[in-house]
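Examining the three-dimensional arrangement
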Amino acid sequence: MLSGRTAATIAAVFHPDRTIRYALPLLTCPVAAGFPSEGENYVEGRLDLNRHLSDHPADTFFVRVIGDSMLGAGINPGDLLVVDRALEPRDGKIVIAIVDSELTVKRLRLDRDRLHLV
């Protein structure tokens, strides 16, 4: 049981539609993270997010998060996560797991021969 927080679980699962090509503008100028810089309206080209979200399109899906147990990892309720099932789960990485027949998002911890979802 998580004290003071609800579990971060999955509200919905979506598969990307790879037949749709929707290219968004990619600007040539970098974005300042500190003080604002003078605006430049130079478009470098167009970026198709379907091509850049995953190296394994057939194994990729999206999930929407409910709950707030992953706030410390920067995952908020309502966030849409891109999940690539072809990637091997590793210690310290965030994973989508099935617990009691429900999908949940947690950080994977390996302790000798045991797996922990934290």
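Residues numbered from 1 in each chain as written. Predicted model: local features only at pLDDT ≥ 70, side-chain atom pairs only at ≥ 80, totals over all residues. Heavy atoms only, no water.

Looking now at the overall build of the protein. Each helix and strand counted, the protein has 1 helix and 8 strands in total. Burial statistics for the protein: of 118 residues in total, 23% are counted as buried. Considering only contacts within the protein whose residues lie at least 6 apart along the sequence, 51% involve residues at least 24 apart. By element, 54% of the accessible surface of the protein is carried by carbon and sulfur atoms, the whole surface being about 9,000 Å². (Helix = DSSP H or I, 4+ residues; strand = E, 2+ residues; numbered from the N terminus. Buried < 20%, exposed > 50% of the residue type's maximum accessible area, 1.4 Å probe, protein only. Contact = heavy atoms within 4.5 Å. Areas by Shrake-Rupley, 256 points an atom, 1.4 Å probe, with all protein chains shown as cover.)

Where strand β6 (residues 94–99) lies against strand β7 (residues 102–111), 6 bridges are found, and the strand directions are antiparallel. Within β7, the position partnered with isoleucine 98 by the bridge is leucine 103. Counting the residues that bridge the hairpin from β6 to β7 gives 2 residues, and of these aspartate 100 lies at a positive phi of roughly 50°. Relative to strand β8 (residues 114–117), β7 runs antiparallel, the two sharing 4 bridges. From the neighbouring strand, aspartate 111 faces β8, where its bridge partner is arginine 114. Following β7, the chain reverses through 2 residues before pairing antiparallel with β8; arginine 112 in that reversal takes a positive phi of roughly 55°. (Pairing = 2+ DSSP bridges.)

With respect to the helices and strands, the residue serine 69 is situated in the loop between β4 (60–66) and β5 (80–84). The class for serine 69 is buried, based on a relative accessible area of 14%. A polar contact of 2.9 Å, which involves the side chain of serine 69, links it to the side chain of lysine 106. (Polar contact = N/O pair within 3.5 Å; in protein donor to acceptor, adjacent residues only side chain to side chain.)

Now for unusual backbone geometry. Look at aspartate 100: it is not a glycine, yet its phi comes out positive at around 50°. Residue placement: aspartate 100 occurs in the loop between β6 and β7. Since its relative accessible area comes to 72%, aspartate 100 is described here as exposed.

Moving on, we come to the nonpolar core. Core analysis: the largest hydrophobic core is formed by 9 residues, namely Ile10, Phe61, Val63, Val65, Met70, Ile75, Leu81, Val83 and Val105. When contributions to this core are tallied by element, the ones reaching two or more residues are β4 and β5. Counting residues per element, this core draws most heavily on β4, which supplies 3 residues. Apart from the residues lying within four places of it in its own chain, the contact partners of leucine 81 are Phe61, Phe62, Val63, Val65, Ile75, Ile96 and Val105. (Core = buried A, V, L, I, M, F, W, Y, C linked by side-chain atoms within 4.5 Å.)

We now examine a nonpolar patch on the surface. The grouping of Leu49, Leu53 and Val82 at the surface amounts to a nonpolar patch, some 220 Å² of accessible area in total. Mapped onto the secondary structure, valine 82 falls in strand β5. (Patch = residues over 30% accessible without salt bridge, like charges linked within 9 Å, V, L, I, M, F, W, Y side chains within 5 Å. Salt bridge = Lys/Arg side-chain N within 4 Å of Asp/Glu carboxyl O.)

Keep in mind that these numbers describe shape and distance, not what the molecule does.
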